[in-house]
Amino acid sequence: MPIILENVSFSYSRKTPLETLALRDINLRIEKGEFVGILGEKGAGKSTLTKLFNGILKPETGTIRVDGLDPSLRETKRRIGMVFQQTADQLFCKTVYEEIAFGPLNFGYSKKETEEMVYEAIEAVALDQSELSRDPFSLSGGEMQRVALASALALRPDYLVLDEPITGLDPAGKKDILETLKRVKEKGTAIITVTHNLKGFFPLLERIVLIREGRIIFQGSRESYLEKGFEPLPPIASMMKELRARGLPVDTAVFTVEEALKEVLRLKSTHGTENNGN
Ligand SMILES: Nc1ncnc2c1ncn2[C@@H]1O[C@H](COP(=O)(O)OP(=O)(O)OP(=O)(O)O)[C@@H](O)[C@H]1O
């Protein structure tokens, strides 16, 4: 069963002079196993939306159901793994092991079951067993991100919700996280990620939800997102758009460097043939 939001609105500091309407009339359905990207400018309402999925925030109007359940139920929280934007704020235990084991122990799994879950989670994020005794705060940004991911995965969630998971990481760290997310998705977990960093991420997104000023202004495939000319664009699509604007009839529905290269070579060979004919 999916996550379904119907006519959801949310305001901060409700009924005070500081009231801010962050989301309005959101209708959204996220299926199991999907890889969805939530895009939008700063302040659009992306983080607020993710916090509604597992009941951290409650809608002011409208309804949310996760596999038919209310998001604030304990069972729902088990089904949705969350990794927040400031990963360090999410870590609070003395060792990596305790950090990852926290969820399963808190949900009443035995020590033995918890151990199995911890090992399964570190395998999913390619974290070495030798890291388990380390202090999470002694880790690099990329390693901390992997520990946060492992903690979210330990309870074997059906949905993994991420807020800017690769922001602030070095290129190697970004690559690691993207590889990890690919593996997690292959195992059937839905991934819902807020990102403004489309480089590397764009080819993974099966569906895009674009938010502007608290409203969903687009939801659909990558192809249709590019076709409709929405921003932000991944760097490779920006480049193809620029080439097209300069008169080269390239296909702009290109998601990877390899595809772009193929497209440019295809064009070169077509032009080459035309030139030969002239
Ligand atoms: N705790 C809060 N109290 C009051 N207003 C808030 C709070 N958090 C967010 N807002 C406001 O709600 C709106 C949506 O914010 P949100 O953080 O969801 O946007 P975002 O798209 O995630 O932005 P960013 O990319 O900067 O994280 C903004 O106007 C923001 O200022």
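Just so it is clear, the structure is predicted and the values come from calculations on it, not from any experiment. (Residues numbered from 1 in each chain as written. Predicted model: local features only at pLDDT ≥ 70, side-chain atom pairs only at ≥ 80, totals over all residues. Heavy atoms only, no water.)

## Here's the deal with the overall build of the protein chain
Applied cut-off: By the criteria applied, helices consist of DSSP H or I runs no shorter than four residues and strands consist of E runs no shorter than two, each listed in order from the N terminus. Type-normalised accessible area, obtained with a 1.4 Å probe on protein chains alone, sets the label of each residue: buried when under 20%, exposed when over 50%, and partly exposed for intermediate values. Two residues form a contact once any of their heavy atoms are found within 4.5 Å. With residues, only the protein chains shown are counted as cover, and all accessible areas are computed by Shrake-Rupley using a 1.4 Å probe. In this tally, Lys and Arg are treated as positive and Asp and Glu as negative; His is ignored, and so are the chain termini. Here the site of a charge means atom NZ of a Lys, CZ of an Arg, CG of an Asp or CD of a Glu.
Secondary structure assignment for the protein chain yields 10 helices and 9 strands. Seen through its C-alpha atoms, the protein chain measures out along the principal axes to roughly 75 × 50 × 35 Å. Looking at the protein chain as a whole, 47% of its 278 residues are labelled buried. By sequence separation, contacts in the protein chain at least 24 residues apart represent 61% of the contacts at least 6 residues apart. Of the roughly 14,200 Å² of accessible surface on the protein chain, a fraction of 52% belongs to carbon and sulfur atoms. Charged side chains of the protein chain number 38 positive and 40 negative; the gap between the two group centres comes to 2 Å.

## Observations regarding the site of the ligand
We apply this condition: Summary of the distance rule: residues count as near a molecule or strand when at least one heavy atom falls within 4 Å of that molecule or strand. Pairs of N or O atoms are called polar contacts if they sit within 3.5 Å, as long as, within protein, a hydrogen donor faces a hydrogen acceptor (for residues adjacent in sequence, only side-chain-to-side-chain pairs).
Contacts to the ligand come from Tyr12, Thr20, Ala22, Glu41, Lys42, Gly43, Ala44, Gly45, Lys46, Ser47, Thr48 and Gln85. Taking Ala44, its main chain carries an N or O atom lying 3.0 Å from an oxygen atom of the ligand. Between Lys46 and the ligand, the recorded distance is 2.8 Å, taken from a side-chain N or O atom to an oxygen atom. Relative to its unbound accessible area of 630 Å², the ligand is 61% covered by the protein chains. Among the secondary structure elements, those contributing two or more residues to the shell around the ligand are strand S2 (20-30) and helix H1 (46-53). Sort the elements by how many residues they give to the shell around the ligand and H1 lands first, with 3 residues.

## Remarks on the environment of Phe53
Among the structural elements, Phe53 can be located in helix H1. Taking the relative accessible area as the measure of exposure, Phe53 reaches 0% and is therefore buried. In sequence terms Phe53 and Ile4 are 49 residues apart; their C-alpha atoms lie 9.3 Å from each other. Other than its neighbours up to four places away in sequence, Phe53 contacts Ile3, Leu5, Leu28, Ile30, Ile38, Val66, Pro71, Ile80, Val161 and Ile192.

## Details of the nonpolar core
For clarity, the cut-off: We define a nonpolar core as any set of buried Ala, Val, Leu, Ile, Met, Phe, Trp, Tyr and Cys residues linked to one another through side-chain atoms lying within 4.5 Å.
Within the largest apolar cluster, 46 residues are counted, with the highest numbers of intra-cluster contacts made by Ile100, Leu149, Leu160, Leu181, Phe201, Phe202 and Tyr225. Elements supplying a minimum of two residues to this core: strand S3 (35-40), helix H4 (96-106), helix H5 (111-124), helix H6 (141-153), strand S6 (159-163), helix H7 (171-186), strand S8 (207-212) and helix H8 (222-227). Here this core gets 7 residues from one element, more than from any other, and that element is H6. Leaving out residues up to four positions away in the same chain, Ile100 has contacts with Val118, Ala121, Ile122, Leu132, Val147, Ala150, Ser151 and Ala154.

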